[in-house]
Amino acid sequence: MPRIVSVCLTHWPITRLRRAQAVPDDGTPLAVAAVGPGGLRLTAVDARARALGLRSGEPLGRVRARIGTPLRVHPADPEADAAALVRLCLWAQRYTPCVAPFGSPEGGEGFFLDVEGASHLQGGEAELMADLAGRLSAHAIPARLALADTAGAAFALARHGSGRSIVPPGGCADALRALPIEALRLEAGLVTALKRLGLRRIGALAEAPRAPLARRFGEVLLTRLDQAQGHRPEPLVPIGEATAYGATRGFLDPISQQDTIVACVHRLMREIAPRLAADGLGACSLRLTLHRVDDVMRGLDLGFAEPTRCAEHVARLLRLRLERLGSDLDAGFGFETVRLDVTGTGAMLERQAALSAVAVPEPLALGRLADALRQRTGRRVIRLEPRASHVPERADMLAPWRNRAGRLRPSPEPVTRVTLNWPGPEDGLRPRPLVLFERSEATEVIALAPEGPPERFRWRRRLHRVAHAEGPERIAAEWWHAPAPARDYYVVECEAGRRLWLYRDGAHAPGEPAAWYVHGLFA
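Computed from a predicted model, the values in this text were never measured in an experiment. (Residues numbered from 1 in each chain as written. Predicted model: local features only at pLDDT ≥ 70, side-chain atom pairs only at ≥ 80, totals over all residues. Heavy atoms only, no water.)

## Some details on the overall build of the chain
A tally of helices and strands in the chain yields 14 helices and 21 strands. Compactness check: the chain gives a C-alpha radius of gyration of 34 Å against a globular reference of 24 Å for 523 residues, more than 25% above the reference. Across the 523 residues that make up the chain, the buried fraction comes to 41%. Intrachain contacts of the chain at a sequence separation of at least 6 include 58% that bridge at least 24 residues. (Helix = DSSP H or I, 4+ residues; strand = E, 2+ residues; numbered from the N terminus. Rg over C-alpha atoms; globule rule 2.2 N^0.38 Å. Buried < 20%, exposed > 50% of the residue type's maximum accessible area, 1.4 Å probe, protein only. Contact = heavy atoms within 4.5 Å.)

This is the structure we're talking about:
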């Protein structure tokens, strides 16, 4: 059975504004307003405004006329509130990977934590609740907490209970009996109808006949009641899908040295690798989360060209990344928790082991080189991938270096172009130039025969004499494209020693000599 912690944030929009330092703390009452029935209405108020009798839902014009004192009003910003809540949920993952923000039935101002199997890392449920409450209070985030077997019971006790409470396993029904029926996350109209029947407490509702309630109010009422009591499941939707492969290490004495962090990640990867191997998978991407002692969280993402389970390779890449970051890592007073999660996986085929212990298969070595370049330079590594075309400018394309099972995702990182597998004579192809122009450059050619190799040509305002020429190599477009003249390519070497790639576009016609172009440079 799960154990759910409900964290109900009190007046979250006000807290967000205070933490963002968007309002001066000059003693003026603060309120947040949004457009509602009849105009602007208050959606949240701070303690000073509540002391004046202001409550959420009141019309702003009536409030100003009643209090007669200055009131600072900020427009509601639900998107900013939701983004701040997501950041708080990510911070709360220090306690458990399963953190789910409140939905519309709960009002959106809070989150759930499923701490089943994770509370012992904090010394138990009571210690976890005390630590969570203390950290929220230290950051000036007012909240009400409760822990129970179900999300519904935890929410009801946190929002409508007497304070921080821990319900023992199996005790949800008894803990809910005295709470008002509003705690079941019901619509206002349904709550009003139930109260007219004298059903004001959850205990009275639970003892009432179910069939008449279902006929009159529908299944929603009984579903909420059963979910709160644990008779029906209520799955949570985590802020981020809980990773199937991850490991955490905590430290009594915070760490800050790069070598210590690398050694810890090496041990964590060795702990994760057997689970990946059992499923025939390798890690395509990892996320390293470092929690500082002052509750600041730092995340680093590592991507791999090929799936890997090698702890040494992961540690080597992390060392390169940390060396590049240097002081930007900002360890502060040290990190007290280190977590490593596999955020992307790919099928990892078994390879025949080499006779030499140090031998590394060539594709794997190239992939590791790409990984090292990415971590050292901070740029995405791209490679040339072949395309189904004989035309040189369409024969390949630039694509991010990734494993075949990986997903292509956009990245804000700059790009480093690396070509490690350019085709050559050993592939059955004629040599290709090292530099291929994006657009061919027209040139004037003099040849002894109309269909013969060039003898002289003028390119970039200079006359070049040809010492040697190889060709022609005829290249034509694919049959499924629009008809186009075939090209005759020549590799020419000038008397000055420069080697170029020229082509004649089509055949000569009477009175219309074919055009020549320079397409690339060999050296």
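## A few points about the pairing of strand β19 (residues 487-494)
Counted residue by residue, β19 has 7 buried out of 8 residues, so it is predominantly covered. Pairing of strand β18 (residues 462-475) with β19 involves 7 bridges; the strand directions are antiparallel. Note on β19: the bridge partner recorded for His468 is Glu493. Across 7 bridges, β19 lies against strand β20 (residues 499-505) in antiparallel orientation. Within β20, the residue paired with Asp488 across the bridge is Arg504. Between the end of β19 and the start of β20, which pair antiparallel, lie 4 residues, with Gly497 showing a positive phi angle near 100 degrees. (Pairing = 2+ DSSP bridges.)

## So, the pattern of salt bridges
Taken as a whole and judged by the stated rule, the model has 30 salt bridges. One salt bridge in this structure joins Glu234 and Arg224, with 3.8 Å as the shortest N-O distance. Residue Glu234 is found in the loop between α11 (219-229) and β9 (246-255), and its partner Arg224 is found in helix α11; the two are separated by 10 residues along the sequence. The exposure class assigned to Arg224 is buried, which follows from its relative accessible area of 16%. Among the charged side chains, a network of salt bridges with common partners joins Arg94, Asp131, Arg135 and Glu336. (Salt bridge = Lys/Arg side-chain N within 4 Å of Asp/Glu carboxyl O.)

## A closer look at the environment of Ile4
Looking at the secondary structure, you find Ile4 in strand β1 (residues 4-9). You can call Ile4 buried: its relative accessible area is 4%. Expressed as a C-alpha distance, the spacing of Ile4 and Ala211, which sit 207 residues apart in the sequence, is 30 Å. Excluding anything up to four places from it in sequence, Ile4 contacts Phe112, Leu113, Asp114, Ala146, Leu147, Ala148, Asp149, Thr150, Ala151, Ala154 and Leu236.

## Section: the sheet that holds strand β21 (residues 515-521)
Remark on secondary structure: sheet strands pair via backbone hydrogen bonds, oriented parallel or antiparallel. One closed barrel holds the 6 strands; their spatial order is β16-β17-β18-β19-β20-β21, and the pairing between them is antiparallel. Averaged over all adjacent pairs, the angle separating strand axes in this sheet is 45 degrees, with direction ignored. Note that strand β16 (residues 435-447) and strand β17 (residues 454-459) share 4 bridges and pair antiparallel. What sits directly across from Ala447, in β17, is Pro454. (Axes fitted to C-alpha atoms, helices over the stretch in contact; angles between N-to-C directions.)

## Structural notes on the nonpolar core
Ranked by internal contacts, the top residues of the largest apolar core, which has 34 residues, are Leu194, Leu205, Leu213 and Leu221. Looking at this core, the element that brings in the most residues is helix α6 (residues 151-160), giving 7 residues. When neighbours within four sequence positions are excluded, Leu194 is seen to be in contact with Ile181, Leu186, Leu199, Leu205, Phe217 and Leu221. Within the second largest apolar cluster, 31 residues are counted, among which are Ala247, Leu318, Leu322 and Leu329. (Core = buried A, V, L, I, M, F, W, Y, C linked by side-chain atoms within 4.5 Å.)

## A look at the sheet that holds strand β8 (residues 165-166)
The mixed open sheet is built from 5 strands, whose spatial order is β5-β6-β1-β7-β8. Only two strands of the sheet have a single neighbouring strand rather than two, namely β5 (99-101) and β8. Pairing of strand β7 (residues 143-148) with β8 involves 2 bridges; the strand directions are parallel. Note that in β8 the partner of Leu147 across the bridge is Ile166.

## Overview of the environment of Leu113
Examined against the element boundaries, Leu113 turns out to sit in strand β6 (residues 110-114). Ignoring any residue separated from it by four or fewer positions in sequence, one finds Leu113 in contact with Arg3, Ile4, Val5, Val7, Ala92, Tyr95, Thr96, Cys98, Val99 and Leu132.

## Digging into the packing of aromatic side chains
In total, this model carries 9 aromatic pairs according to the counting rule given. Residues Tyr503 and Tyr517 carry aromatic rings whose centres are separated by 5.4 Å and whose planes lie at 25 degrees to one another, so their mutual orientation is stacked. Of the two residues, Tyr503 is situated in strand β20 and Tyr517 in strand β21; the sequence distance between them amounts to 14 residues. By relative accessible area, Tyr503 is classed as buried at 4%. These aromatic residues form a ring-pair network of at least three members: Tyr489, Trp501, Tyr503 and Tyr517. Here the guanidinium or amino end of Arg487 rests over the ring plane of Tyr503, the centre of that ring lying 4.7 Å away. (Phe/Tyr/Trp six-rings, centres within 6.5 Å; stacked < 30°, edge-to-face > 60°. Lys NZ or Arg CZ within 6 Å of the ring centre and 35° of its normal.)

## Regarding the packing of helix α12 (residues 258-278) against helix α13 (residues 311-325)
The geometry of α12 relative to α13 is characterised by a closest axis approach of 9 Å and an angle of 150 degrees between their N-to-C directions. By the angle class used here, α12 and α13 are roughly antiparallel. Of the two elements, α12 crosses α13, and the hand of that crossing is right-handed. Between α12 and α13, the residues in contact are Gln258, Asp259, Ile261, Val262, Val265, His266, Met269 and Arg270 and Ala311, Glu312, Val314, Ala315, Leu318, Arg319, Leu322 and Glu323, respectively. (Parallel < 35°, antiparallel > 145°, perpendicular 65-115°, else oblique. Left-handed = near helix turned anticlockwise from the far one by under 90°.)

## Concerning a nonpolar patch on the surface
Together, Val86, Leu90 and Met297 make up a nonpolar patch on the protein surface, roughly 190 Å² of accessible area in all. Take Val86: it is sitting in helix α4 (residues 78-92). (Patch = residues over 30% accessible without salt bridge, like charges linked within 9 Å, V, L, I, M, F, W, Y side chains within 5 Å. Areas by Shrake-Rupley, 256 points an atom, 1.4 Å probe, with all protein chains shown as cover.)

## Focus: the confidence of the model for the chain
Of all residues in the chain, 90% attain a pLDDT of 70 or more, and the chain-wide mean is 84. In the predicted structure, residues 403-427 sits below a pLDDT of 50 and forms 47 contacts with residues beyond four places in sequence or in another chain. (pLDDT = per-residue confidence, 0-100.)

## Points about helix α8 (residues 188-196)
The set of residues buried in α8 consists of Leu190, Val191 and Leu194. When α8 is viewed along its axis, its buried side chains cluster within an angular range of 100 degrees and face the same direction. Opposite the buried face of α8, at more than 90 degrees from it, the exposed residues are Ala188, Gly189 and Arg196. Against the buried residues of α8 lie α9 (202-207), α10 (210-217) and α11. (Arc of directions from axis to C-beta.)

## A short note on the packing of helix α1 (residues 12-19) against α4
Between α1 and α4, the least distance of the axes is 10 Å, while the angle of their chain directions is 80 degrees. Considered as vectors, α1 and α4 are oriented roughly perpendicular to each other. Across the interface between the two elements, Trp12, Pro13 and Arg16 of α1 pack against Ala80, Asp81, Ala84, Leu85 and Leu88 of α4. Taken together, the residues that form the contact of α1 with α4 break down as 6 nonpolar, no polar and 2 charged. (Nonpolar A, V, L, I, M, F, W, Y, C, P; charged D, E, K, R; others polar.)

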